[in-house]
Each structure stands twice: as structure tokens, then as C-alpha cells.
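# Descriptive analysis of the structure
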Amino acid sequence: MTWGIALMYYHCPKCGIKFKYPLDMMADFGEDFGKCPECGTMGTYECDGPRKEDDNEYIEVE
């Protein structure tokens, strides 16, 4: 049984956007995993797990 995709949720302390990374892409992003897709600042970790209720407020980094 699967619960779906696992995500790590962040917000940017510099520009304020909310974004999420698929956990299974950690190796693909390497050191850039967790960085803001807009300005490149390391995001502030919020939580991880399956999709949250407010998931649509977060940009998915692919």
C-alpha cells in the first residue's frame, strides 16, 4: 500500500514564496535541494510527508 508522493515543504526567508520538493528527487537536486526556485536562497523547512491540506499554496519544484 502506498500513501502517494512524499514532499518536503519550505518557505523562502528572502522572497517569501512557499515551495515543495518531492523527496524522491533529493539525489537529483543534490546541494540545491531545498533552495528557493525564484531567488536561490536556502528555504526554511516547514514539514515533510504526504500532501498537506494547503498543498496548492506551494510551488512544486521539478
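These numbers were taken from a predicted model, which means no experiment stands behind them.

### Some details on the sheet that holds strand β3 (residues 44–49)
Spatial strand order, β3-β1-β2-β4: 4 strands in an open sheet with mixed pairing. The open sheet terminates on both sides in strands that have one partner only, identified here as β3 and β4 (59–60).

### Quick word on the pattern of salt bridges
A complete count under the given rule lists 7 salt bridges for this structure. Between Lys35 and Asp32 there is a salt bridge whose closest N-O contact spans 3.3 Å. The partner of Asp55 in a salt bridge is Arg51, and the shortest N-O contact between them spans 3.2 Å. Through salt bridges with shared partners, a single ionic network connects Lys20, Arg51, Asp55 and Glu60.

### Considerations on the nonpolar core
Residues Met8, Tyr10, Cys12, Phe19, Tyr21, Phe33, Cys36 and Val61 constitute the largest nonpolar core, which totals 8 residues. Of all the elements in the fold, those that place two or more residues in this core are β1 (7–11) and β2 (18–22). With residues up to four places along the chain from it excluded, the contact list for Val61 reads Phe19, Lys20, Tyr21, Pro22, Phe29 and Pro37.

The rules behind each value
- Residues numbered from 1 in each chain as written.
- Predicted model: local features only at pLDDT ≥ 70, side-chain atom pairs only at ≥ 80, totals over all residues.
- Heavy atoms only, no water.
- Pairing = 2+ DSSP bridges.
- Helix = DSSP H or I, 4+ residues; strand = E, 2+ residues; numbered from the N terminus.
- Salt bridge = Lys/Arg side-chain N within 4 Å of Asp/Glu carboxyl O.
- Core = buried A, V, L, I, M, F, W, Y, C linked by side-chain atoms within 4.5 Å.
- Buried < 20%, exposed > 50% of the residue type's maximum accessible area, 1.4 Å probe, protein only.
- Contact = heavy atoms within 4.5 Å.

Take it as geometry only, folks, not as evidence of what the structure does.
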